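Results of the structural survey
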Amino acid sequence: MNKIMIPCRNCKGKGELSHFKHVEGGRCFKCNGTSQECVNRETYESYQQTLNRADNGYTLFNNGLIEYYKNKKEIEAKYGIFKCYDYGNCSVLASYRDDNILYFDISNDDQHNKKMLTEINKEFNLRKRKKLLNEIRTIEKSVKNTKDIEIKSIFKSAILDLKKELNFLETCVQ
Ligand SMILES: [Zn+2]
């Protein structure tokens, strides 16, 4: 009653075991080479769970935007090649062309997924902040070195804009 067929878990649905080739041609003893096995509902459900576990996919972070992907091929088709990379405290895969494009495996542990995203956002804001401060510093130097009043005022309004952005960023970080 209630028996369900799934791919044999012993030979992973192949019907044979390559490392037992010398015994009866490697035929799987569990499924007798049929590559299927009959299981009850309980086993079937736990089998489905392991399948889902292996196929959770990936969370991709692109400069603050989140996307989800089922496989790496899709990601690489869109963003090119990735490298192993430490982004703050997180080990991720980051794009060669932009460190702020990165992805990681979705875990079964939801808390872990949330923590990863929090850490990544924190690091992203930290880097953005550093970049803004650098830009402000560079423009401030230019203001000092310029005699032209008109150019000076253009620089100054650029600094104001950057400072606004910086303030906004700091309210987000908390
Ligand atoms: Zn088998």
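Treat the numbers as computed from the prediction; the structure is a model and nothing was measured.

It is worth spelling out the side chain of T146 at this point. By the element assignment, T146 lies in the loop between α3 (110-145) and α4 (149-173). With relative accessibility at 15%, the residue T146 sits in the buried group. Here the side chain of T146 touches S142 through a polar contact of 2.6 Å, landing on its backbone oxygen. Aside from chain neighbours lying at most four places away, what touches T146 is I151, K152 and F155.

Where burial is concerned, the two faces of strand β2 (residues 36-39) differ: the one with E37 and V39 is buried and the one with Q36 and C38 is not. With 4 bridges connecting them, strand β1 (residues 4-7) and β2 associate as antiparallel partners. Across the sheet, the residue bridging to I6 is E37, located in β2.

Turning next to the pattern of salt bridges. The final tally for this structure, using the stated rule, is 9 salt bridges. Note that E67 and K78 form a salt bridge whose closest N and O atoms lie 3.6 Å from each other. In this pair, E67 sits in strand β4 (residues 65-69) while K78 sits in helix α2 (residues 72-79), placing the two residues 11 residues apart along the sequence. Among the ionic pairs, E123 bridges to R127, the shortest N-O distance being 2.7 Å.

Here the focus is the domain arrangement of the protein chain. What the domain assignment reports for the protein chain is domain 1 (4-54) and domain 2 (58-173). Once you take the C-alpha centre of each, domain 1 and domain 2 turn out to be 46 Å apart.

The zinc ion binds to the protein through C8 (SG), C11 (SG), C28 (SG) and C31 (SG), with metal-donor distances spanning 2.2 to 2.3 Å. Its 4 donor atoms give the zinc ion angles of 99 to 115° at the centre, a pattern that matches the tetrahedral case. Summarised as a motif, the one-chain spacing of the donors to the zinc ion is C-x2-C-x16-C-x2-C. Linking C8 in the loop between β1 and β2 with C31 in the loop between β1 and β2, this pair joins segments that are 23 residues apart in sequence. Residue classification places C8 among the buried positions, given a relative accessible area of 1%. On the accessibility criterion, C31 (5% relative accessible area) is buried.

Time to look at the packing of aromatic side chains. Overall, the coordinates contain 4 aromatic pairs when judged by the stated rule. Considering the side-chain rings of F61 and F124, the 5.3 Å spacing of their centres and the 75° angle between planes classify their relative orientation as edge-to-face. With F61 in strand β3 (residues 58-62) and F124 in helix α3, the pair connects residues that are 63 residues apart, well separated along the chain. Judged by centre distance (4.9 Å) and plane angle (70°), the ring pair of F82 and Y103 falls under edge-to-face. With F82 in strand β5 (residues 82-87) and Y103 in strand β7 (residues 101-105), this residue pair connects regions lying 21 residues apart in the sequence. Note on F82: relative accessible area 9%, which makes it buried. Judged by relative accessible area, which is 1%, Y103 ranks as buried. Here a set of aromatic residues connected by ring pairs shows up, and it is made of Y58, F82 and Y103.

Reading guide: rules and limits
- Residues numbered from 1 in each chain as written.
- Predicted model: local features only at pLDDT ≥ 70, side-chain atom pairs only at ≥ 80, totals over all residues.
- Heavy atoms only, no water.
- Helix = DSSP H or I, 4+ residues; strand = E, 2+ residues; numbered from the N terminus.
- Buried < 20%, exposed > 50% of the residue type's maximum accessible area, 1.4 Å probe, protein only.
- Polar contact = N/O pair within 3.5 Å; in protein donor to acceptor, adjacent residues only side chain to side chain.
- Contact = heavy atoms within 4.5 Å.
- Pairing = 2+ DSSP bridges.
- Salt bridge = Lys/Arg side-chain N within 4 Å of Asp/Glu carboxyl O.
- Domains from an automatic or database assignment.
- Donors = N, O, S within 2.8 Å, 3.2 Å for Na, K, Ca; no water.
- Tetrahedral: all angles 85-135°; square planar, octahedral: opposite > 155°, others 65-115°.
- Phe/Tyr/Trp six-rings, centres within 6.5 Å; stacked < 30°, edge-to-face > 60°.

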